[in-house]
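Listed here are the chains, written in short residue letters.
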Amino acid sequence: MNIRNKLLGALVLLAGLVWQPMAAAQAAPPAADAYTKKGADTCLGCHDDESATYTAGALFKGKHAQRGDKRTPFGAGGLQCEACHGPGAAHARSKKARDINTFRPDTRMSLEERNGMCLACHEGTSRTGWHAGAHERAGLACNSCHKIHLDRGDPMLRKAAQPQVCLGCHKAQRTDFLKTSAHPVREGRMACSDCHSAHGSAAPAMLVKPTLNQTCFSCHADKRGPLLWEHEPVAEDCSLCHTPHGSVRNALLTKTPPLLCQQCHSTAGHPSVARTGAALPANGGNGALFVVAGSCTNCHTQVHGSNHPSGAKLMR
Ligand code: HEC
Ligand code: HEC
Ligand code: HEC
Ligand code: HEC
Ligand code: HEC
Ligand code: HEC
Ligand code: HEC
Ligand code: HEC
Ligand code: HEC
Ligand code: HEC
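Definitions and limits used
The residue numbering used here restarts from 1 in each chain and proceeds along that chain's sequence as written. Written order decides the labels, with chains lettered from A and ligands numbered from 1. Where totals are concerned, whole chains, interfaces and linings use all residues; where local detail is concerned, this predicted model gives features only for residues with pLDDT of at least 70, and gives and counts side-chain atom pairs only at 80 or more. As a convention, hydrogens and water are excluded, and side-chain values are obtained from all of the structure's heavy atoms. In this analysis a donor is any N, O or S atom within 2.8 Å of a metal ion (3.2 Å for sodium, potassium and calcium), and since water is not included, sites may seem incomplete. A site with four donors is called tetrahedral when every donor-metal-donor angle falls between 85 and 135 degrees; four donors are called square planar, and six octahedral, when opposite donors sit more than 155 degrees apart and all other angles fall between 65 and 115; any other arrangement is irregular. Helix and strand definitions follow DSSP, with helices as H or I runs of at least four residues and strands as E runs of at least two, each counted in order from the N terminus. Here the term buried applies to any residue with accessible area under 20% of the maximum for its type, exposed to any over 50%, and partly exposed to those in between, with areas from a 1.4 Å probe on protein chains only. If even one non-hydrogen atom of a residue comes within 4 Å of a molecule or strand, that residue is called near it. Two N or O atoms form a polar contact when they lie within 3.5 Å of each other; inside protein one atom must be a possible hydrogen donor and the other a possible acceptor, and for residues adjacent in sequence the pair counts only when both atoms belong to side chains. Note on residue categories: nonpolar means Ala, Val, Leu, Ile, Met, Phe, Trp, Tyr, Cys or Pro, charged means Asp, Glu, Lys or Arg, and polar means any other residue, Gly included.

Asker: Help me understand the coordination of the iron atom of ligand 6, please; the structure alone is not making it clear to me.
Answerer: Any two of four tetrahedral donors ideally make an angle of 109.5 degrees at the metal, while pairs among six octahedral donors ideally make 90 or 180 degrees. Protein coordination of the iron atom of ligand 6 is provided by His196 (NE2) and His245 (NE2), with donor distances spanning 2.0 to 2.1 Å. Taken together, the six donor atoms surrounding the iron atom of ligand 6 define angles of 87 to 180° at the centre, an arrangement classified as octahedral. Of the two residues, His196 sits in the loop between strand E1 (181-182) and helix H11 (212-217) while His245 sits in the loop between helix H12 (232-236) and strand E2 (246-247), which places them 49 residues apart along the sequence. Judged by its relative accessible area of 26%, His196 is partly exposed.

Pasting the structure below:
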């Protein structure tokens, strides 16, 4: 064994030693010589555009490779590829995947450390909710959703692509969005993140606004009021009548009127008994009209409340 090989061996050992404590806890930062000397140039010597799943070109189209922005991995003094993949000198020698952070669950870095690579730069902004969110608790990694090396760009930032990633895990919601009445997510007009903070939020179901109604008002402002005649359940919770994702009934309803309304309103002494037969002509009612009228909302059209001076019964 010549001197050069001995030195190399020592370096590999050293890098191994440096890697070990990193994996154990986020203790001491890795030694400088655990990193390659030439950064991306070294990596790209082997990982070029020929690779089937990974193209360096895609990375260089995105924000992470902006050399003019010193906050990015490629800004002045940045660690480039190793800002995310961790120290890579040992890997550049061994060419073994086990010597680098691959971001896969079987890599040597713990989940916390892998996410920590990203959070080191991104803790500040929209990740403030991350440590309270269901996704961190469920053991998701940043790259469960984000893709850094995709030619088409990060799917999370594209309305049409984002829901596909989310629905890959949330199968029940996939079914919901296929129903006849649904928020236009499938058409690419809306994304899950219009209503949810994927990084976590203090609201139930990680909604973007503190309450369900406020979330709905961000687009359906007309339902907020103020109204002269409020319909109590509307001000209370839209989901008393609507499902957020999709429904087989008209207008995302949880039930079809009159059943919807009759959960709370009795039919006694009222035209609504039309549907029960009590208002058939024999009973003094105009059954035919009611069959045509169909439902409560044909008369009580202002189901979300009314601003008409005589709108108390939500009919105008
Ligand atoms: C001398 C050639 C060479 C250099 C230099 C090199 N790599 Fe690799 N890299 C490889 C080979 C070969 C593999 C596949 C290893 C395997 O499958 O076990 C690989 C695998 C990887 C993987 C895992 C891919 C996967 O899906 O398993 C990542 C991530 C990676 N390299 C990143 C880097 C980074 C970052 C650098 C620069 C710090 C770098 N490589 C430098 C040859 C190299
Ligand atoms: C901003 C963070 C970041 C930077 C910078 C970065 N990568 Fe990656 N890389 C990732 C993540 C995360 C993955 C996991 C797969 C994914 O998200 O697409 C990955 C995956 C890879 C893979 C494996 C791809 C596969 O699945 O086959 C290779 C190889 C790789 N990166 C090499 C590089 C090289 C070389 C550089 C520098 C030119 C680099 N990366 C820069 C975050 C980064
Ligand atoms: C060395 C710092 C650094 C690291 C490490 C880093 N990023 Fe970034 N990232 C940035 C900067 C700077 C921007 C650009 C921010 C801006 O323009 O406001 C950015 C942008 C982004 C964006 C938005 C992209 C866009 O096109 O708008 C996403 C998503 C992102 N990073 C995810 C990640 C993930 C996931 C990781 C870990 C795999 C990661 N980042 C690692 C610095 C970093
Ligand atoms: C469950 C999927 C999911 C996971 C996991 C996830 N993100 Fe995101 N991320 C999104 C979505 C969706 C957006 C775009 C909409 C938004 O900002 O809420 C986004 C946007 C971003 C952005 C760009 C916009 C901004 O706020 O600056 C950055 C940076 C980012 N994420 C970093 C991270 C980091 C770091 C992690 C891991 C700690 C992470 N994300 C984990 C879904 C996810
Ligand atoms: C890798 C799988 C995976 C991906 C991708 C994913 N999620 Fe999740 N999500 C989970 C798991 C696991 C949970 C926690 C268990 C549960 O509630 O089902 C969860 C929980 C949630 C919750 C419920 C939170 C609560 O407090 O009840 C919402 C909302 C959610 N995810 C939305 C999204 C959105 C939006 C996206 C895409 C931007 C997304 N998820 C992507 C796995 C995933
Ligand atoms: C129009 C707003 C809106 C959109 C768009 C939306 N959601 Fe939701 N989502 C909600 C509301 C509101 C809840 C809470 C339901 C409740 O508590 O009654 C919820 C609940 C959830 C839950 C928690 C489980 C449950 O049913 O309580 C998951 C998971 C979820 N959404 C995933 C998604 C995914 C994935 C997408 C995109 C494909 C998405 N959502 C799009 C509003 C929305
Ligand atoms: C990001 C904007 C946005 C948010 C937030 C939002 N919606 Fe919508 N909503 C839409 C759009 C867009 C449509 C489709 C309108 C169209 O097709 O012309 C729609 C349609 C509807 C419809 C009619 C559906 C049909 O089939 O006729 C109902 C009911 C509805 N939303 C209720 C809600 C409720 C309840 C919430 C809160 C949980 C909510 N929306 C949050 C944008 C939003
Ligand atoms: C008491 C039940 C009930 C509640 C609570 C309710 N809605 Fe509705 N909503 C309906 C009914 C019934 C329809 C269908 C009206 C029709 O067929 O003309 C409807 C239709 C809609 C529509 C589509 C037609 C239109 O008026 O634009 C939207 C959007 C909507 N509701 C939003 C909301 C929002 C936002 C909330 C919460 C602030 C809410 N609804 C609360 C019963 C309700
Ligand atoms: C979740 C329960 C709930 C549902 C569902 C519901 N309502 Fe109501 N509604 C109320 C409450 C509570 C009031 C206020 C009662 C009061 O002031 O006596 C009210 C008031 C009304 C009023 C005005 C009554 C008055 O005396 O001023 C009308 C009309 C009405 N609702 C019609 C409907 C129709 C039509 C539907 C179905 C589309 C419906 N409601 C669904 C709970 C509900
Ligand atoms: C053919 C028209 C028509 C239909 C259909 C109809 N209503 Fe009414 N409703 C009325 C009229 C008229 C009043 C009395 C208004 C008044 O007293 O000023 C009324 C009053 C009410 C009131 C207030 C009760 C009170 O004591 O003042 C409620 C609640 C109500 N309707 C609910 C419903 C429900 C629920 C349905 C469906 C099951 C329904 N209505 C169907 C016409 C209708």
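Structure's up, so let's keep going.
Asker: I would appreciate a short explanation of the site of ligand 5 in the present structure.
Answerer: Surrounding ligand 5, one finds 15 residues, the nearest of these being His135, Cys166, Cys169, His170 and His196. Between His135 and ligand 5, the recorded distance is 2.8 Å, taken from a side-chain N or O atom to a nitrogen atom. Within the side chain of His170, one N or O atom sits 2.8 Å away from a nitrogen atom of ligand 5. Where the shell around ligand 5 is concerned, the elements lending two or more residues are helix H7 (134-137) and helix H9 (162-169). Sort the elements by how many residues they give to the shell around ligand 5 and H9 lands first, with three residues.

Asker: I keep staring at the site of ligand 1 and nothing clicks. Help me out?
Answerer: Near ligand 1 you find 17 residues, and of these Cys43, Cys46, His47, His91 and Arg104 are the closest. Contact between ligand 1 and Ala97: an oxygen atom at 3.2 Å from a main-chain N or O atom of the residue. The contact in question runs from an oxygen atom of ligand 1 to an N or O atom on the side chain of Arg104, over 2.7 Å. Listed by contribution, the elements that provide at least two residues to the shell around ligand 1 are helix H2 (40-46), helix H4 (81-85) and helix H5 (89-94). Here the residues of the shell around ligand 1 are counted per class, giving six nonpolar, eight polar and three charged.

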